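# Chain and residue survey
Take a look at the letters that make up each chain.
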Amino acid sequence: MAEPAHGGSGLNIHPMDQFRVHPLFGGGEVHWYTPTNATLWMALTVAAITLLMVVGARGRALVPSRAQSMAEVTYGFVRKMVEDVAGREGLKYFPYVFTVFLFVLFANLLALIPTSFAPTSHIAVTAVLALSVFLSVTAIGFYKHGLHFLKLFWVSSAPTLALRIVLAVIELISYFVRPLSHSLRLMGNLMAGHAVLKVFAGFAGALGVGAFIPIFAITAIYGLELLVAVIQAYVFAILTVVYLNDALHPGH
């Protein structure tokens, strides 16, 4: 939103206002049980996924419809990614990876609708997704390998014992930093892009008939954000598969 600044010339643009979480019904404080705009758009994300993957693909026609083709292409793309990175053993966990990919992808895409809300721009959402991946792959690693899973942190190819110990500490730190980097990467990219869009939208609204330059910039940034929405879903999913592969094959 762009408003004339009080007490002087200039613009009063608030690009971060779009990330505020507020109750859907009335005012007041937001509690863990309060339906909010974030709740609404995450529910719409699930509804859109269901519409494509369940309703769109239910016909299973020999000559697929557009919706069925999109569902099949998305399914095949993620399945091949899981198999290429984690091997056939990783296909057992394909439904989880596919669900995570679809949620992030559709949440990112729906957030590009004007006046919408971007759930994946909030650390509360991305951190839950990243922590679920972190805890899941760690549990899988210990379940399948027991204490041998700790080989993930022991670089046996290092020439000396002292170097192996140093590398083990580094590997351990990097392992526990994974959920932080996993969540911040997605949140930061979505928040930054939407904030820039809001700034240029504020300039366009303030300039009126002379807004062709900000509008051109908005169009270019919107196209970039569309690409970012897809790439960030892919990055989040492929990192999930990489972490899963580490759990399935922990030896260096």
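The structure under discussion appears in the preceding block.
So, here is what we can say about the structure in this document. The shown structure was predicted, so the numbers you read here are calculated from the model rather than taken from an experiment.

Parameters and conventions
Residues numbered from 1 in each chain as written. Predicted model: local features only at pLDDT ≥ 70, side-chain atom pairs only at ≥ 80, totals over all residues. Heavy atoms only, no water. Helix = DSSP H or I, 4+ residues; strand = E, 2+ residues; numbered from the N terminus. Buried < 20%, exposed > 50% of the residue type's maximum accessible area, 1.4 Å probe, protein only. Contact = heavy atoms within 4.5 Å. Areas by Shrake-Rupley, 256 points an atom, 1.4 Å probe, with all protein chains shown as cover. Lys, Arg positive; Asp, Glu negative; His and termini not counted. Charge placed at Lys NZ, Arg CZ, Asp CG, Glu CD. Axes fitted to C-alpha atoms, helices over the stretch in contact; angles between N-to-C directions. Parallel < 35°, antiparallel > 145°, perpendicular 65-115°, else oblique. Left-handed = near helix turned anticlockwise from the far one by under 90°. Nonpolar A, V, L, I, M, F, W, Y, C, P; charged D, E, K, R; others polar. Salt bridge = Lys/Arg side-chain N within 4 Å of Asp/Glu carboxyl O. Polar contact = N/O pair within 3.5 Å; in protein donor to acceptor, adjacent residues only side chain to side chain. Expected span 1.5 Å × (residues − 1). Core = buried A, V, L, I, M, F, W, Y, C linked by side-chain atoms within 4.5 Å. Arc of directions from axis to C-beta.

So, about the overall build of the chain. Summing up its helical and strand segments, the chain has 6 helices and 2 strands in all. In sequence order, the chain lays out its α and β elements as β-β-α-α-α-α-α-α. Each of the three principal axes of the chain carries a C-alpha extent, and together these read 70 × 55 × 40 Å. Per-residue burial for the chain yields a buried fraction of 38% across its 252 residues. The contacts in the chain between residues at least 6 apart in sequence include a share of 67% that link residues at least 24 apart. Accessible surface for the chain amounts to roughly 14300 Å². Of this, 72% is attributable to carbon and sulfur atoms. Considering the chain, the positive charge centre built from 14 side chains and the negative charge centre built from 10 side chains are found 9 Å apart.

The next subject is the packing of helix α3 (residues 94-110) against helix α6 (residues 212-248). As a packed pair, α3 and α6 sit with axes 9 Å apart at the nearest point and diverge in direction by 160°. Between α3 and α6, the interaxial angle falls into the category roughly antiparallel. α6 is crossed by α3, and the crossing has right-handed handedness. Between α3, through Tyr96, Val97, Val100, Phe101, Val104, Leu105, Asn108 and Leu109, and α6, the contact on the second element is made entirely by Leu226, Ala229, Val230, Gln232, Ala233, Tyr234, Phe236, Ala237, Thr240 and Val241. Among the residues making up the contact of α3 with α6, the classes are represented as 15 nonpolar, 3 polar and no charged.

Of note, the phi angle at threonine 115 is positive, near 65°, even though the residue is not glycine. With respect to the secondary-structure elements, threonine 115 resides in the loop between α3 and α4 (123-145). Its relative accessible area of 81% is what places threonine 115 among the exposed residues.

Turning next to the pattern of salt bridges. One pass over the full model with this rule turns up 6 salt bridges. With a shortest N-O distance of 2.9 Å, arginine 88 and glutamate 83 are connected by a salt bridge. Via salt bridges that share partners, Arg79, Glu83 and Arg88 belong to a single interconnected network.

Assignment of secondary structure puts threonine 138 in helix α4. Judged by its relative accessible area of 16%, threonine 138 is buried. There is a polar contact of 2.7 Å between the side chain of threonine 138 and the backbone oxygen of phenylalanine 134. Here the side chain of threonine 138 touches tyrosine 175 through a polar contact of 2.6 Å, side chain to side chain. If near-sequence neighbours (up to four positions away) are discounted, threonine 138 is found in contact with Phe149 and Tyr175.

On to helix α2 (residues 66-86). In a regular helix each residue adds 1.5 Å, so 21 residues correspond to 30 Å; α2 covers 30 Å between its end C-alpha atoms and thus fits that length. Buried residues along α2 sit against α1 (37-55), α3 and α6. Note on α2: the residue one or two positions beyond its end, glycine 87, has a positive phi of about 80°.

It is worth spelling out the packing of α3 against α4 at this point. Contact geometry for α3 and α4: axes closest at 12 Å, N-to-C directions at 170°. When the axis of α3 is compared with that of α4, the two are roughly antiparallel. Residues Tyr96, Phe103 and Val104 of α3 pack against Val125, Leu129, Ser132, Val133 and Ser136 of α4. Of the residues in the contact of α3 with α4, the class split is 6 nonpolar, 2 polar and no charged.

The next subject is the nonpolar core. Of all hydrophobic cores here, the largest spans 47 residues; its most connected members are Val78 and Phe236. Taken together, the elements giving at least two residues each to this core come down to α1, α2, α3, α4, α5 (161-207) and α6. The dominant element in this core, judged by the number of residues it contributes, is α3, at 11 residues. Excluding anything up to four places from it in sequence, phenylalanine 236 contacts Val100, Val104, Leu129, Ala130, Val133, His182 and Leu186.

Taking 1.5 Å per residue as the helical rise, α1 with its 19 residues ought to reach 27 Å, and the 25 Å between its terminal C-alpha atoms agrees with that figure. When α1 is considered as a whole, its buried residues turn out to be Asn37, Ala38, Trp41, Thr45, Ala48, Ile49 and Leu52. Across the axial projection of α1, the buried residues extend over an arc of 120°, all falling on one side. Turned more than 90 degrees from where α1 packs its buried face, Leu51 and Val54 sit exposed. Turning to α1, the residues buried within the fold contact α2 and α3.

By themselves, these figures tell us nothing about what the structure is for.
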